[in-house]
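Residues per chain, in single letters:
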Amino acid sequence: MVSGGKLVVGNWKMNSSPAADGALVGQLLRSAGSFGAASAVVCPPFIAIPAVAEMVAGSPIAVGAQNVHWEEKGAFTGEISPSMLRNYSVTYAIVGHSERRALFGETDAAVARRFWAAVGASIVPILCVGESGEERNLGVQNAIVESQLRAVLRAGEAGSPGKFAVAYEPIWAIGTGKSASAADAQAMHRHLRSVVEDVFGEGIAKRTPLLYGGSVSRHGAADLFAEKDIDGALVGGASLVAGEFLAIISAAAN
Ligand code: 13P
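The next point concerns the packing of helix α7 (residues 141–155) against helix α8 (residues 182–200). The interhelical angle for the contact between α7 and α8, taken along N-to-C directions, is 35°, at an axis separation of 10 Å. Here α7 runs over α8; the crossing is right-handed. Residues Q141, N142, V145, E146, L149, R150 and L153 of α7 touch α8, and the partners they reach there are M188, H191, L192, V195, V196, D198, V199 and F200.

Set out below in structure tokens:
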């Protein structure tokens with residue numbers, strides 16, 4: 001477990017409107033005094049970031065992006081650079097989400113560039129890795145996830161790793177209502193920690209938050225957080241409902 005409390009990140013995906021975001025963030029802010037040692041991050045769609053950042057300014061809630069480009073500026077239609085995010089107080093960025101990989105063709109190489117650009121801009125990248133249901137049935141999940149992780153960490157061999165997080169998100173658990181069991185998630189997290197240790201050493205492995213994502217809800221959250229190597233959660237659907245997200249943060253705070 002990393003020191004400094006659990007990290008609970010809400011990935012809103014492509015869900016946002018000024019009214020809905022205002023109501024959701026308003027409710028989160030009203031309970032922000034009870035987060036305890038837990039840290040909370042919300043990742044709205046890019047277009048909603050300025051408004052959300054303004055709402056949470058000075059509160060314990062941080063803002064993350066759902067992706068980040070590796071260049072600072074130029075002819076990259078549809079992309080957002082690290083410095084643009086920094087201008088709006090963004091301190092985290094999800095990279096390599098399985099939806100980006102599957103639906104938008106993002107390769108390990110592209111994910112690695114995004115990851116290291118974020119590190120270079122002092123944005124904490126949250127690197128998503130995870131196997132498909134078929135891969136788990138074949139028993140190759142550890143190898144798949146390890147290769148996704150090594151592809152990105154190796155790409156930065158020359159540089160300093162800075163601060164980063166890894167989110168284990170088994171594809172079969174995303175949006176299905178079927179979370180991985182706490183024991184299976186813990187087994188994978190332990191493996192991930194050993195890979196980070198192999199690449200960067202024990203000190204960095206110990207302080208790198210390893211998040212679980214995939215149908216996290218108020219029901220299973222406490223069991224997940226009780227596991228030694230589960231340092232937080234990357235929450236999709238439940239992060240859009242204030243009461244649900246707050247219940248998960250509360251499980252993380254205890
Ligand atoms: P759900 O929590 O909706 O399964 O989504 C998980 C996820 O993809 C978070 O990035």
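In this section: empty space enclosed by the protein. Rolled over the atoms, a probe sized like a water molecule indicates the empty space that remains. With the rule as written, the count across this model stands at one cavity of 30 Å³ or more. Estimated volume of the largest cavity: approximately 40 Å³. Sorting the residues of the lining of the largest cavity by element identifies α4 (98–104) and β5 (124–129) as the ones contributing at least two each.

Moving on, we come to the site of the ligand. Around the ligand, a shell composed of N11, K13, H97, E169, A173, I174, G175, G214, S215, L234, G236 and G237 is seen. One of the side-chain N or O atoms of K13 is found 2.8 Å from an oxygen atom in the ligand. Between the ligand and the protein, one listed contact pairs an oxygen atom with a backbone N or O atom of G236 at 2.9 Å. Protein contacts shield 94% of the accessible area of the ligand, which totals 310 Å² for the unbound molecule. Looking at the shell around the ligand, its residues break down into three nonpolar, seven polar and two charged.

This part is about the packing of aromatic side chains. For the coordinates displayed, the defined rule picks out four aromatic pairs. Taken together, the ring pairs connect F115, W116, F164 and F200 into an aromatic cluster. Its guanidinium or amino end placed over the ring of F104, R100 lies 4.2 Å from that ring's centre, counting from NZ or CZ.

Let us now look at the packing of helix α5 (residues 108–120) against α7. Running from N to C, α5 and α7 point in directions that differ by 50°, and their axes come no closer than 8 Å. The orientation of α5 with respect to α7, classified from their angle, is oblique. Crossing hand, α5 versus α7: right-handed. Note on element contacts: α7 touches α5 through S147, Q148, A151, V152, L153 and A155, opposite D108, V111, A112, F115 and W116. Of the residues assigned to the contact of α5 with α7, the class counts are eight nonpolar, two polar and one charged.

Judged by nonpolar contacts, the single largest core of 69 residues is most densely connected at F115, L192, Y212 and F225. Excluding residues that lie within four positions of it along the chain, Y212 makes contacts with Y168, P170, A173, S179, A180, A185, H189, L224, I230, G232, A233 and L234. One finds V41, C43, A167 and L211 within the second-largest nonpolar core, a separate group that totals 14 residues.

Let's shift gears to the environment of G5. Along the chain, G5 turns up in the segment before β1 (7–11). A sequence separation of 32 residues divides G5 from A37, and the C-alpha atoms of the two residues are 4.8 Å apart. With near-sequence residues (within four places) excluded, G5 lies in contact with A37 and D231.

Positionally, G130 belongs in the loop between β5 and α6 (133–138). Counting along the chain gives 40 residues from G130 to P170, while the straight-line C-alpha distance between them is 4.3 Å. The residues touching G130, leaving out its near neighbours within four places in the chain, are I144, V145, Q148, Y168, E169, P170 and I171.

Parameters and conventions
- Residues numbered from 1 in each chain as written.
- Predicted model: local features only at pLDDT ≥ 70, side-chain atom pairs only at ≥ 80, totals over all residues.
- Heavy atoms only, no water.
- Axes fitted to C-alpha atoms, helices over the stretch in contact; angles between N-to-C directions.
- Helix = DSSP H or I, 4+ residues; strand = E, 2+ residues; numbered from the N terminus.
- Left-handed = near helix turned anticlockwise from the far one by under 90°.
- Contact = heavy atoms within 4.5 Å.
- 1 Å grid on protein atoms, 1.4 Å probe; cavity = no way out; pocket = protein on both sides within 12 Å on 5 of 7 lines; lining within 4 Å.
- Points joined across faces, edges and corners; volume = space filled by probe spheres on them.
- Near = heavy atom within 4 Å.
- Polar contact = N/O pair within 3.5 Å; in protein donor to acceptor, adjacent residues only side chain to side chain.
- Areas by Shrake-Rupley, 256 points an atom, 1.4 Å probe, with all protein chains shown as cover.
- Nonpolar A, V, L, I, M, F, W, Y, C, P; charged D, E, K, R; others polar.
- Phe/Tyr/Trp six-rings, centres within 6.5 Å; stacked < 30°, edge-to-face > 60°.
- Lys NZ or Arg CZ within 6 Å of the ring centre and 35° of its normal.
- Parallel < 35°, antiparallel > 145°, perpendicular 65-115°, else oblique.
- Core = buried A, V, L, I, M, F, W, Y, C linked by side-chain atoms within 4.5 Å.
- Buried < 20%, exposed > 50% of the residue type's maximum accessible area, 1.4 Å probe, protein only.

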